[in-house]
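Chain by chain, the residues:
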Amino acid sequence: MIVILKQTATKDDVKRLTKDIESKGLKTSVVVGTEQTIIGIIGDTTLIDPKMYEVDEAVDHVMRVSEPYKLANRQFHPNDSIIQVGDVLVGGGNLAFIAGPCSVESKEQIIEVAKSVKASGANILRGGAFKPRTSPYSFQGMGTEAIDLLLEAKKETGLPICTELMDASYIPLFNEKVDLVQIGTRNMQNYALLKKVGQEVKKPVLLKRGLASTYEEWIMAAEYIMANGNKNVILCERGIRTYETYTRNTLDLQAIPVIKKLTHLPIIIDPSHAGGKWWLVPAMSKASIVAGADGLMIEVHNDPEKALSDGPQSLRPDKYDSLMKDIKKLVKVMADGND
Ligand code: PEP
Ligand code: MN
């Protein structure tokens, strides 16, 4: 971080500021120019707020030269993180294929979908139990009963299960029963929940990108979870809100290389919530894998017309199967290309 002083700043101002910065355990390096004096701050500047110095009357402005996140930062952790979900590895070349319905609706539905997606090559089963719906009159999910149905589907297929946590009071239940704890888009900036998830969730976390969040805000949300004790975070891009209304959201594929450059965490893509239309899912899934995503989260429903949530964006099992066949071919071509 660099503090640029006003031309009117005096030697006493420099002394006062460097003393204050050093009292916070940081080092300083002062460069006195002919026009301006600058103070370089050396050390862990994640602990200080640049705005704090901007209010000082001797300071012109402050510039960050390093990112405000540390634990998620690739600079301090050059290798890809590999996160274990049940017995499935995610990241560092290991792909997560998460599939299942938006909401768990019945035992028959979740078991049928689980068996079919497993046969197609999915390695993690998803299914919403607590649903963050825009309308309070829409189906809110089956709650804890859905988690038990997911467990039955897990027993039948061996697939680890992923479902969304909205309320911290359910953390003990999720710790006991869920393999991958999803934090949804709408809660990405629920800092009280993120702290609790960091402190108390013993399972890996799938952190979806907020509806209109910048990369830095998203990474800072991951940093909240990591700084509070849970380092096992997988990021999920699921489309962001733009001026376009034809699609539900706009899938930001640039997130893949950007997140990989800035962080060491795995990033997966959810093309279902991005486009909001089932027929967009295959093209966007293939593009995501080619762009280097660490996996996909795709909504699959055995009867999308009757789905209680997100039917229009859900693939039928046969469509998911043919998509997974294409994905396997792509993965092979990419691996051969690396030989
Ligand atoms: C979901 O995965 O069903 C969901 C509600 O996702 P998002 O938080 O991305 O909207
Ligand atoms: Mn959904």
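## Section: the coordination of the manganese ion (ligand 2)
Donor atoms from the polypeptide that bind the manganese ion (ligand 2) are Cys 102 (SG), His 273 (NE2), Glu 299 (OE) and Asp 310 (OD), placed at 2.0 to 2.3 Å. All donors of the manganese ion (ligand 2) belong to a single chain; written as a sequence motif, their spacing is C-x170-H-x25-E-x10-D. Of this pair, His 273 sits in helix H9 (residues 271-275) while Glu 299 sits in strand E14 (residues 295-299); the two residues are 26 residues apart in sequence, bridging distant segments of the chain. When its relative accessible area of 7% is taken as the criterion, His 273 is described as buried.

## Concerning the pairing of strand E7 (residues 96-100)
With five of five residues buried, E7 lies mostly within the body of the structure. Pairing of E7 with E14 involves five bridges; the strand directions are parallel. Paired with Ile 98 across the bridge in E14 is Met 297. Examined bridge by bridge, E7 and strand E8 (residues 124-126) share two bridges and lie parallel to one another. Across the sheet, residue Ala 99 finds its bridge partner in E8, namely Leu 125. Note on the crossover from E7 through helix H3 (residues 107-120) to E8: the handedness is right-handed.

## A short note on the layout of surface pockets
The volume enclosed by the largest pocket comes to roughly 290 Å³. In terms of lining residues, the largest pocket is bounded by 22 residues, among which Lys 131, Pro 132, Arg 186, His 273 and Asp 310 are the most central. The leading source of residues in the lining of the largest pocket is strand E9 (residues 161-164), at three residues. Counted by class, the lining of the largest pocket contains three nonpolar, 10 polar and nine charged residues. Counted as a void, the second largest pocket has a volume near 220 Å³. Lining the second largest pocket are Asp 80, Gly 93, Leu 95, Lys 260, Ile 289, Gly 292, Ala 293, Asp 294, Val 331, Met 334, Ala 335 and Asn 338.

## Details of unusual backbone geometry
Of note in the backbone geometry, Asp 310 takes a positive phi value of approximately 55° without being a glycine. Secondary-structure assignment places Asp 310 in the loop between E14 and helix H11 (317-337). In this structure Asp 310 comes out as buried when scored by relative accessible area, which is 18%.

## Considering helix H7 (residues 215-227)
Between its terminal C-alpha atoms H7 stretches 18 Å, which fits the 18 Å expected from 13 residues at 1.5 Å a residue. Within the sequence span of H7, burial applies to Tyr 215, Trp 218, Ile 219, Ala 221, Ala 222, Glu 223, Ile 225 and Met 226. Buried positions along H7 lie against helix H6 (191-200), strand E11 (205-208), strand E12 (233-237), helix H8 (255-262) and strand E13 (267-269).

## A short note on the site of ligand 1
Close to ligand 1 lie 13 residues; Arg 126, Lys 131, Thr 185, Lys 208 and Arg 238 are nearest. Measuring from an oxygen atom of ligand 1, one finds a backbone N or O atom of Thr 185 at 2.8 Å. His 273 places a side-chain nitrogen or oxygen 3.1 Å from an oxygen atom of ligand 1. For ligand 1, whose accessible area on its own is 300 Å², the fraction buried by protein is 97%. Among the cavities detected, the one that contains ligand 1 is the largest pocket. Considered class by class, the residues forming the shell around ligand 1 number two nonpolar, four polar and seven charged.

About the thresholds
Residues numbered from 1 in each chain as written. Chains lettered and ligands numbered in written order. Predicted model: local features only at pLDDT ≥ 70, side-chain atom pairs only at ≥ 80, totals over all residues. Heavy atoms only, no water. Donors = N, O, S within 2.8 Å, 3.2 Å for Na, K, Ca; no water. Helix = DSSP H or I, 4+ residues; strand = E, 2+ residues; numbered from the N terminus. Buried < 20%, exposed > 50% of the residue type's maximum accessible area, 1.4 Å probe, protein only. Pairing = 2+ DSSP bridges. Right-handed = clockwise from strand over helix to strand, strands pointing away. 1 Å grid on protein atoms, 1.4 Å probe; cavity = no way out; pocket = protein on both sides within 12 Å on 5 of 7 lines; lining within 4 Å. Points joined across faces, edges and corners; volume = space filled by probe spheres on them. Nonpolar A, V, L, I, M, F, W, Y, C, P; charged D, E, K, R; others polar. Expected span 1.5 Å × (residues − 1). Contact = heavy atoms within 4.5 Å. Near = heavy atom within 4 Å. Polar contact = N/O pair within 3.5 Å; in protein donor to acceptor, adjacent residues only side chain to side chain. Areas by Shrake-Rupley, 256 points an atom, 1.4 Å probe, with all protein chains shown as cover. Sits in = over half its atoms within 2 Å of the grid points.

All we've got here are geometric facts, nothing functional implied.
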